[in-house]
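Chain and residue survey
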Amino acid sequence: MTAALPLLTVEHLTMRFGGLVAVDDVSFAAETGRITAIIGPNGAGKTTLFNCLTGFYAPTSGLMRLVHGGGEFLLERMEGFRIAARAKVARTFQNIRLFRGMSVLENLIVAQHNELMRASGYTLAGLFGLGVYRKAERQAVERARYWLERIGLTARADADAGSLPYGDQRLLEIARAMCTEPKLLCLDEPAAGLNARESADLNALLTFIRDRHGIGVLLIEHDMGVVMSISDRVVVLDYGRKIAEGPPEDVRRDPAVIRAYLGQEEGAA
Ligand SMILES: Nc1ncnc2c1ncn2[C@@H]1O[C@H](COP(=O)(O)OP(=O)(O)O)[C@@H](O)[C@H]1O
Ligand SMILES: [Mg+2]
């Protein structure tokens, strides 16, 4: 067994857009059962890092290795859809991307489409006839119900996803990502725009996912309160470069971080 290998290892990752180096020689690791926060000022390269991890962009150079279940996946060599389906990386976006006009429940079922198609053997007969498909379909519904319960939206299952309050839409996006049973969950500023109560619900959901589902979470977050209270490790980016990494309490005291990111409000702490 290859113990001790982290879930995700990023080595010397670089992403250039013309003359701009959005991610500049970044290396870090993220573990299963941990929330790893990625922080940094606007334009630091956080979303670009996610876009590389999830196959939206092919990085200019560097390595992204995911290890789980006895398998190893070199993400920089994989197509985006394979990264989701095989390497089991799920993400949410900085802007909400739910399927509006579909119900809350439908959003969660559609997310499991790959799984359902695989169960059908990609044939019509499989889709309509065979027990294996029905079983997968039943499991898809069960999983959806499980996550609806977790985010407190069971009673709104049939509502239009677009009609939910903003905070609930954020939670639904995370539930949808979890329905794909990822090993690595990448969340791009999930707390942005949430009020204090919604933010507390989000924190509870994320710590539940970490503690009970044994996956790794990468969390891009602006709210330092959220970062300090739920993350196990913090990676700080500034102008594409990693300027600090460590436990939250160390990072918040790091002079380079205070200078780059925390600024006046935290400088006195
Ligand atoms: N597709 C792109 N083409 C050109 N420049 C981009 C592209 N995506 C991001 N950038 C630039 O890369 C830098 C990092 O952006 P981004 O990763 O979105 O930062 P963050 O998420 O930390 O705010 C910014 O200067 C941004 O303008
Ligand atoms: Mg961003």
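Just so we're clear, the structure is a prediction, and the values are computed from it rather than from any experiment. (Residues numbered from 1 in each chain as written. Chains lettered and ligands numbered in written order. Predicted model: local features only at pLDDT ≥ 70, side-chain atom pairs only at ≥ 80, totals over all residues.)

What about the environment of Ala85?
Convention followed: Helix numbering and strand numbering both begin at the N terminus, where a helix is a DSSP run of H or I of at least 4 residues and a strand a DSSP run of E of at least 2.
Topologically, Ala85 is positioned in helix 2 (residues 80–85). With 55 residues separating them along the chain, Ala85 and Ala140 place their C-alpha atoms 15 Å apart.

Brief notes about the site of ligand 1
The line we're drawing: Placing a C-beta atom from the backbone of each residue, we mark the residue near a molecule or strand if the atom is within 6 Å of it. For this classification, Asp, Glu, Lys and Arg are treated as charged, while Ala, Val, Leu, Ile, Met, Phe, Trp, Tyr, Cys and Pro are nonpolar and the rest, including Gly, are polar.
The local shell around ligand 1 consists of Phe17, Leu20, Ala22, Gly40, Asn42, Gly43, Ala44, Gly45, Lys46, Thr47 and Thr48. Counting residues per element, the ones that place at least two in the shell around ligand 1 are strand 2 (20–30) and helix 1 (46–53). Take the shell around ligand 1: its biggest share by element is 3 residues, from helix 1. Looking at the shell around ligand 1 residue by residue, the classes come out as 4 nonpolar, 6 polar and 1 charged.

Here's the deal with the domain arrangement of the chain
Using the following cut-off: In this document the domain limits rely on a domain assignment from an automatic tool or a database. We call two residues in contact whenever the C-beta atoms placed from their backbones are within 7 Å.
By domain assignment, the chain separates into domain 1 (1–88 + 182–269) and domain 2 (99–181). The gap between the C-alpha centroids of domain 1 and domain 2 is 26 Å. Each partner contributes residues to the interface: domain 1 has 16 residues there, and domain 2 has 12 residues. Of all the secondary structure elements, the ones that give two or more residues to the side of domain 1 that touches domain 2 are helix 2, strand 7 (184–188) and helix 8 (196–213). Counting residues per element, the side of domain 1 that touches domain 2 draws most heavily on helix 8, at 6 residues.

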